[in-house]
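# Coordinate analysis (summary)
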Amino acid sequence: MNVTEYLKKQGYQTIGDAYYSHIDNWLNWYQGKAKFHKYTVYNGRNRRTVTRKTMGMAKKVAEDWADLILNERVDISTGDSAFDGLLAETFRRNKFRFRSNQLIELAFALGTGATVEYLDENGMIVIDYIRANMIFPLSWENGEIVE
């Protein structure tokens, strides 16, 4: 039983499996492994499967957009110097700059992404970075995921 089947049994209306097949297709393009990249040729004796060379343009475009959105010139602050210190430490501990940039890149490639913030067993703030194929919306309003 996959996740969507489980959620349906629990009474949730979920996004169809077709959406997740699109995400798989986009992931293949992002990785340079789309169906387009495999083809067969006849070498005079038999058919061989060959892989086309790829320039990784889907990945490059997603990287460039992510670098425009979150780069070293972006400053995140709250206006409260005491809280800014806590925020900076939380970002450092969670590798926020690096991991968020990766998440933004994947969100451009796969259609969405999310961060989940929670407290661990020691009371420390943890930021989890979730890519599109790990997100299963339970409810939404006006195109915004609520649960």
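Residue positions are counted from 1 within each chain, in the order its sequence is given. Only residues with pLDDT of at least 70 get local features here, since the model is predicted, and only at 80 or more are side-chain atom pairs given and counted; chain-wide, interface and lining totals rely on the full set of residues. Think of the side-chain values as coming from all heavy atoms in the structure, minus any hydrogens and water.

Let's shift gears to the packing of helix α2 (residues 17-31) against helix α5 (residues 96-110). As a packed pair, α2 and α5 sit with axes 8 Å apart at the nearest point and diverge in direction by 120°. Contacts from Ile-23, Trp-26, Leu-27 and Tyr-30 in α2 reach Glu-105, Leu-106, Ala-109 and Leu-110 in α5. When the residues that make up the contact of α2 with α5 are grouped by side-chain class, the tally is seven nonpolar, no polar and one charged. Structural elements are reduced to axes, namely lines fitted to C-alpha atoms, with helices fitted over the stretch in contact, and the angle between N-to-C directions of any two is expressed from 0 to 180 degrees. Think of it this way: any DSSP run of H or I at least four residues long counts as a helix, any run of E at least two long counts as a strand, and we number them from the N terminus. Throughout, a contact is declared for two residues whenever any of their heavy atoms are within 4.5 Å. Under the scheme applied here, ten amino acids are nonpolar (Ala, Val, Leu, Ile, Met, Phe, Trp, Tyr, Cys and Pro), four are charged (Asp, Glu, Lys and Arg), and all others, including Gly, are polar.

Before going further, it helps to examine α5. How far a helix is expected to stretch is found by multiplying one less than its residue total by 1.5 Å. Over its 15 residues, α5 extends 20 Å from the first C-alpha to the last, a length consistent with the 21 Å expected when each residue adds 1.5 Å. Only protein chains enter the accessibility calculation, which uses a 1.4 Å probe; a residue is then buried when its area is under 20% of its type maximum, exposed when over 50%, and partly exposed in between. Buried within α5 are the following residues: Phe-96, Ser-100, Asn-101, Leu-103, Ile-104, Glu-105, Ala-109 and Leu-110. Taken together, the buried residues of α5 touch α2, α3 (57-69), α4 (81-93), β3 (113-119) and β4 (125-131). Count one or two residues on from α5 and you reach Gly-111, which has phi positive near 105°.

Among the surface-exposed residues, Met-55, Met-57, Val-61, Trp-65, Leu-68, Ile-69 and Phe-108 lie close enough to one another that they form a single nonpolar patch of about 780 Å² accessible area. Sorting elements by how many residues they give to the nonpolar patch places α3 first, with five residues. Relative to the helices and strands, Val-61 resides in helix α3. A relative accessible area of 44% means that Val-61 is categorised as partly exposed. Patches here: salt-bridge-free residues with over 30% relative accessible area, like charges joined within 9 Å, nonpolar side chains (Val, Leu, Ile, Met, Phe, Trp, Tyr) joined within 5 Å. Note that accessible areas follow from Shrake-Rupley with a 1.4 Å probe, and for residues the cover is restricted to the protein chains shown. Within this document, salt bridges are pairs made up of a side-chain nitrogen of Lys or Arg and a carboxyl oxygen of Asp or Glu, the two lying within 4 Å of each other.

Let's shift gears to α4. In this model, α4 (13 residues) spans 18 Å end to end at C-alpha, consistent with the 18 Å of a helix rising 1.5 Å per residue. Residues of α4 that are buried sit in contact with α5 and β4. Where α4 starts, the residue carrying a side-chain oxygen 3.2 Å from the main-chain nitrogen of Ala-82 turns out to be Asp-80. The positive-phi residue at the C-terminal boundary of α4 is Lys-95, with phi of around 50°. Counting of polar contacts relies on pairs of N or O atoms within 3.5 Å, with two restrictions inside protein: one atom must be capable of donating a hydrogen and the other of accepting it, and residues adjacent in sequence are counted only when both atoms are side-chain atoms.

Turning next to the pattern of salt bridges. A side chain of one charge can pair with a side chain of the opposite charge if their charged atoms are brought near each other. Applying the stated rule across the entire model yields five salt bridges. Residue Arg-92 pairs with Glu-89 through a salt bridge whose shortest N-O separation is 2.5 Å. In this pair, Arg-92 and Glu-89 are both assigned in helix α4, three residues apart and thus about one turn of the helix distant. On the basis of relative accessible area, Arg-92 is assigned to the exposed category, the value being 54%. A relative accessible area of 32% places Glu-89 in the partly exposed class. With a closest N to O distance of 3.6 Å, Glu-89 and Arg-93 form a salt bridge. With a gap of four residues between them, Glu-89 and Arg-93 both fall in helix α4, about one helical turn apart. Overlapping salt bridges, with partners in common, bring together Lys-59, Glu-63 and Glu-105 in one network.

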